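# Architecture at a glance
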Amino acid sequence: MSLYTYSLLSIVGINIMLAVSLNMITGFCGQFSLGHGAFYGAGAYAAALCAVAGYPVPVALIAGAVVAGILGFVVGFASVRLREDFLAVTTIGVSFLFVGFVRKQHWLGAEMGISKIPGSGLGAEGNAVMILLFAAATIAFSLYLNRSWLGFAFRAVGDDEQAARTVAIPASSYKLLAFALGTAIAGLAGGLYTYFTQFIVPDSFGFILSVTLMAMVVIGGTGSTWGVVAATIILTLLPEVFRFINDYRLLIFGGLLVLVTRFAPGGLAGIVNSLTRRLRRA
Amino acid sequence: MDPDPVYYVDLTLNGLIFGAMYALMAIGLTLVYGLLRILHIAHAAVYAFGAFITVIVANATGSIALGIVVAIVASALLGPAIYRLLYEPLLKHPPYVAMIASMGLLIFMEDGFRILFGEQGLTFTRNPYPTEIHQLFGVTINTVQIAMIVLSVVCLTALALFTTRTRVGVAWRATVSNPTIATSFGVDAIKVRYLNFMIGSALAALAGALIALLNNFVEPSMGFVVSYKALAIIVLGGLGSMRGTLIASLALGLVESFGTILVGSYLDRDALAFLFLIIVLMVRPQGLTGARA
Amino acid sequence: MTNVLQVESVSIRFGGVQALTDVNFSVGKGEIVGLIGPNGAGKTTLLRIIAGVLAPDTGRVMLDGQNVTRLPTAARIAKGLAITHQIVRPFRSMTVLENTALAAGHKITANPLTAIFHWRRAAENSRAAAILAKVGLGGMEDRAVSALPLGHLKRLEVARALAVDPSVIILDEPLAGLNHREAEQQADTLAALNAEGLTTVLIEHNLREVMRVCKRLLVLDGGRIIADGAPAEVMADKAVREAYIGKADDHAAA
Ligand SMILES: Nc1ncnc2c1ncn2[C@@H]1O[C@H](COP(=O)(O)OP(=O)(O)OP(=O)(O)O)[C@@H](O)[C@H]1O
Ligand SMILES: [Mg+2]
């Protein structure tokens, strides 16, 4: 396989980790977050600093996950304190704040980012395999989560927080955990991205990325792991397969978002579900 | 730092002017949110639309005033069309669905502007106003800035008078802050929705036109950051309150203006706005002026 | 007799409305008490304060002799309180069985870090099925709640509350929206549960059923307790009659 294929596979794997982890927060637990890119960035920067300082790969990856998870936990407090609409706007704020902050930090390379990051030593192929393994693990974890009592309670909190409290579910703890878990996975993806590119700049983690991830979740079907994975693969590969699309990338993206929310709010998963139901009836 | 007091007057004036533009933008969002509980992010696309129409018409006819009027009228039609075609069918879903759709529409329209008018956007062929400098009480100010102050004061005062002094206005405002009240006032709630989108969009177009004049150009992405800042403003203002929105707009203008000077080396202007938002929300979860739920 | 639930000088004000004024009462173990009062008397507000959804301006709430005024809702439920909502609030994305089974797993879900390590639901499902049968929702297990009529949703509220293994249950108008026969059945179910030892507070407008199953009545009017005692005595009380008849006159005038 070519270097190009490995890099495509790596990007798909990273995007799957990001979208599936965002789906844990938004799809499973009902907490709207438009700042997922910031946690991904925090993980990437933490891992990059570790790698540059000479720490081994596992340490850097764990550092990425932990830093992002802690940050996510802190932002999660906003979800405890604020009503829904305020939370959406606050996480948008987190997104802009992260990029605006990093851009001005000299110890993080400011606008120029961090370059000459040591490689993982696995080569392009090894990196792609590592990333895909982590992506597979993320999917498996997401599927497990949805079946576990944690996922069960997440659904209750997403449906009706107040009602969840009346069946002894401490909704705030659940929301914090959803944020911590989802953002830690995003941070891990950030660490993998760092080893993949060996060069990071603040603008890779901005608001557009956060919106793109939310689009993958919504188009795939909020709450459906497989739907989100499918949407992620399609939306990541489409512009690569059809080169001309690249010029109209955002136009198509925005258009898809409008069409899906307008005509199929359940996303791909919703469409597939209603099709299979219709087939079964026929 | 510059000890000259005029410098601070300058910063204050600049902050207030930006605040006034934010207010023109954000009033529309507040109106929509108050009535429909939708975060109408695509409002910024209407603002950019207004700016583009202004430049196109002004360049074609040679009259900037005509450009502004056409922009306002066209936007006042676009806003209600967005409501009718996009939001109305989504009202039965949870509010985040409409918000995502709105975000999609903003991205779609922005990229559409880029494809139609190019990455660089458009410039006025003849626009003398930003370079017409006046000295007022020792402060330097250009014609566009004066127009910004005068027009926003006129529009916001007219809106305030309309909503406090006329029967229709009072009913309208009551409906915005409590939609269920509409019927008891004998107001047609559906008409109020269209009115909201019309007035809000017209004000946004005016803001877009003025900003275009000030910068002497329009670019496809001009609405991008503004849209999210306007969201931050209506949240700061306590969501759904026009007075709160006005206060939050001016406060944000001032914070940005002074903050860029004071802490500009640690944070950029946009980050500063959201830092302000987050700090305020953590201290007062109900916003700057909102009452406790 | 030990007091399972005790409310001490609770008051709350919303803006200009004094919704509750110095409310005092206690409920002993095994009692079944009716809490009645005209619309807007403050019954639901009182329930919300007991459940910890609202914090009172003054006063305190005790469960099993323990002051819980500062505890969050979930912790109070874990201590043996259960409530139902006047306006039903089922988990919309779940089936009838799931709604109840989730509540039956409250020991697992009390801590998210415990919940993450559990996935088997068989025990909770069968317990939930048993409770559903008890409230008359047997056979409805796999229905989506969005397709359920109000009467069934009211029973689901009760089922979900029972599933958290309460020692005291407060029900906010569980009979509203049920027809004559259904209401009678539901009241019988509640009386039977009480006979098994469940302390019960029944907020209701259906006086017929309240008079039939409750051994004691509390009357709330304008945010104050105006009567507390045996049903027959309370209904004979002049203040109570005025509260209700005055209300009836208002209706007639309107
Ligand atoms: N969150 C609130 N904000 C302001 N006022 C409130 C609030 N909740 C209740 N009230 C007011 O408090 C009073 C008591 O209301 P409550 O719902 O407790 O009455 P209730 O006895 O349950 O009536 P009903 O029989 O109609 O259910 C009413 O005047 C109501 O308008
Ligand atoms: Mg009530």
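Here is what the cut-offs are and how they apply
- Residues numbered from 1 in each chain as written.
- Chains lettered and ligands numbered in written order.
- Predicted model: local features only at pLDDT ≥ 70, side-chain atom pairs only at ≥ 80, totals over all residues.
- Heavy atoms only, no water.
- Helix = DSSP H or I, 4+ residues; strand = E, 2+ residues; numbered from the N terminus.
- Rg over C-alpha atoms; globule rule 2.2 N^0.38 Å.
- Buried < 20%, exposed > 50% of the residue type's maximum accessible area, 1.4 Å probe, protein only.
- Contact = heavy atoms within 4.5 Å.
- Lys, Arg positive; Asp, Glu negative; His and termini not counted.
- Charge placed at Lys NZ, Arg CZ, Asp CG, Glu CD.
- Pairing = 2+ DSSP bridges.
- Donors = N, O, S within 2.8 Å, 3.2 Å for Na, K, Ca; no water.
- Salt bridge = Lys/Arg side-chain N within 4 Å of Asp/Glu carboxyl O.
- Polar contact = N/O pair within 3.5 Å; in protein donor to acceptor, adjacent residues only side chain to side chain.
- Phe/Tyr/Trp six-rings, centres within 6.5 Å; stacked < 30°, edge-to-face > 60°.
- Buried area = accessible area lost by both parts, 1.4 Å probe.
- Axes fitted to C-alpha atoms, helices over the stretch in contact; angles between N-to-C directions.
- 1 Å grid on protein atoms, 1.4 Å probe; cavity = no way out; pocket = protein on both sides within 12 Å on 5 of 7 lines; lining within 4 Å.
- Points joined across faces, edges and corners; volume = space filled by probe spheres on them.
- Nonpolar A, V, L, I, M, F, W, Y, C, P; charged D, E, K, R; others polar.

Before going further, it helps to spend a moment on the overall build of chain B. Along chain B, the regular secondary structure elements total 10 helices and 4 strands. What you see in chain B, going N to C, is helices and strands ordered as α-α-α-α-β-β-β-α-α-α-β-α-α-α. Against the compact-globule benchmark of 19 Å for 293 residues, chain B has a radius of gyration of 19 Å, which places it among compact chains. Along the first, second and third principal axes, the C-alpha atoms of chain B reach 55 × 50 × 35 Å. Buried positions account for 54% of the 293 residues belonging to chain B. Across chain B, the fraction of contacts at a sequence separation of at least 24, relative to all contacts at a separation of at least 6, is 74%. In chain B, which carries 15 positive and 13 negative side-chain charges, the distance between the mean positions of the two groups comes to 18 Å.

For the rest of this paragraph, the subject is the sheet that holds strand β4 (residues 58-63) of chain C. Residue and element names in this part refer to chain C. Judged by pairing direction, the sheet is antiparallel, and its 4 strands sit side by side in the order β2-β1-β4-β5 without closing on themselves. The sheet is open, and its two borders are formed by β2 (17-28) and β5 (66-67), each paired with just one other strand. Where β4 and β5 come together, 2 bridges link them in antiparallel fashion. From the neighbouring strand, Met62 faces β5, where its bridge partner is Asn67.

Taken together, Thr44 of chain C (OG1) and Gln86 of chain C (OE1) make up the protein donors of the magnesium ion (ligand 2), found 1.8 to 2.1 Å from the metal. Of this pair, Thr44 of chain C sits in helix α1 (residues 43-51) while Gln86 of chain C sits in the loop between β6 (81-83) and α3 (96-104), placing them 42 residues apart in sequence.

Moving on to the interface of chain C and chain A. Many descriptions give the size of an interface as the accessible area lost when the pieces come together. At the junction of the two partners, chain C supplies 34 residues and chain A supplies 27 residues. One can count 2 salt bridges joining chain C with chain A. Notably, a salt bridge pairs Arg155 of chain A with Glu98 of chain C, separated by 3.1 Å at the nearest N-O pair. Our enumeration of links across chain C and chain A arrives at 11 residue pairs in polar contact (both at pLDDT 80 or more). Only α2 (73-78), α3, α4 (106-109) and α5 (112-115) of chain C provide two or more residues apiece to the side of chain C that touches chain A.

This brings us to the packing of aromatic side chains. Residues and elements named next belong to chain A. Per the counting criterion, the structure on display carries 26 aromatic pairs over all chains. An angle of 70° between the planes, with centres 6.4 Å apart, marks the rings of Tyr45 and Phe98 as edge-to-face. One end of the pair, Tyr45, is in helix α2 (residues 36-52); the other, Phe98, is in helix α4 (residues 84-103), with 53 residues separating them in the sequence. Grouping residues by exposure puts Tyr45 and Phe98 together as buried.

This next bit is on the interface of chain A and chain B. Tallying the contact residues gives 40 residues for chain A and 45 residues for chain B. Both faces combined, the contact of chain A with chain B buries some 3600 Å², and carbon together with sulfur accounts for 78% of it. At the junction of chain A with chain B, the criterion picks out 0 salt bridges. When contributions to the side of chain A that touches chain B are tallied by element, the ones reaching two or more residues are α3 (57-81), α4, α9 (207-220) and α11 (249-263) of chain A. If you tally residues by element for the side of chain A that touches chain B, the top one is α4 of chain A, at 14 residues.

To continue, consider the sheet that holds strand β7 (residues 168-172) of chain C. Residue and element names in this part refer to chain C. Read across the sheet, 6 strands follow the order β6-β7-β8-β3-β9-β10 without closing on themselves; strand pairing throughout is mixed. Of all the strands in the sheet, the pair left with one neighbour each is β6 and β10 (224-229). Neighbouring strand axes in the sheet, compared pairwise and without regard to direction, differ in orientation by 15° on average. Here 4 bridges tie strand β3 (residues 32-36) to strand β9 (residues 216-221), and the two strands are oriented parallel to one another. Counterpart to Val33 in the pairing with β9 is Arg216. Sitting on the sheet, helix α7 (residues 150-162) touches β6 and β7, and the angle it makes with β7 is about 165°. Along the sheet, helix α8 (residues 180-195) makes contact with β3, β7 and β8 (199-203), crossing β8 at roughly 155°.

Approximately 1000 Å³ is the volume attributed to the second largest pocket. Only α1 (3-28), α4 and α6 (149-159) of chain A together with α4 (95-117) of chain B provide two or more residues apiece to the lining of the second largest pocket. Residue contributions to the lining of the second largest pocket peak at 4 residues, all from α4 of chain B. Each residue belonging to the lining of the second largest pocket can be placed in one class, and the counts come to 10 nonpolar, 13 polar and 6 charged.

With that settled, consider the environment of Met17 of chain A. Residue and element names in this part refer to chain A. Looking at the secondary structure, you find Met17 in helix α1. Taking the C-alpha atoms as reference, Met17 lies 9.0 Å from Ala137; in sequence the two are 120 residues apart. For Met17, the residues in contact, after removing those within four places along its chain, are Phe134, Ala135, Thr138, Ile185, Leu188, Ala189 and Leu192.

Attention now goes to the arrangement of the chains. With 2 pairs of chains in contact overall, the greatest share of contacts is found between chains A and B. There is no contact between chain B and chain C; across them, the least C-alpha separation is 10 Å.

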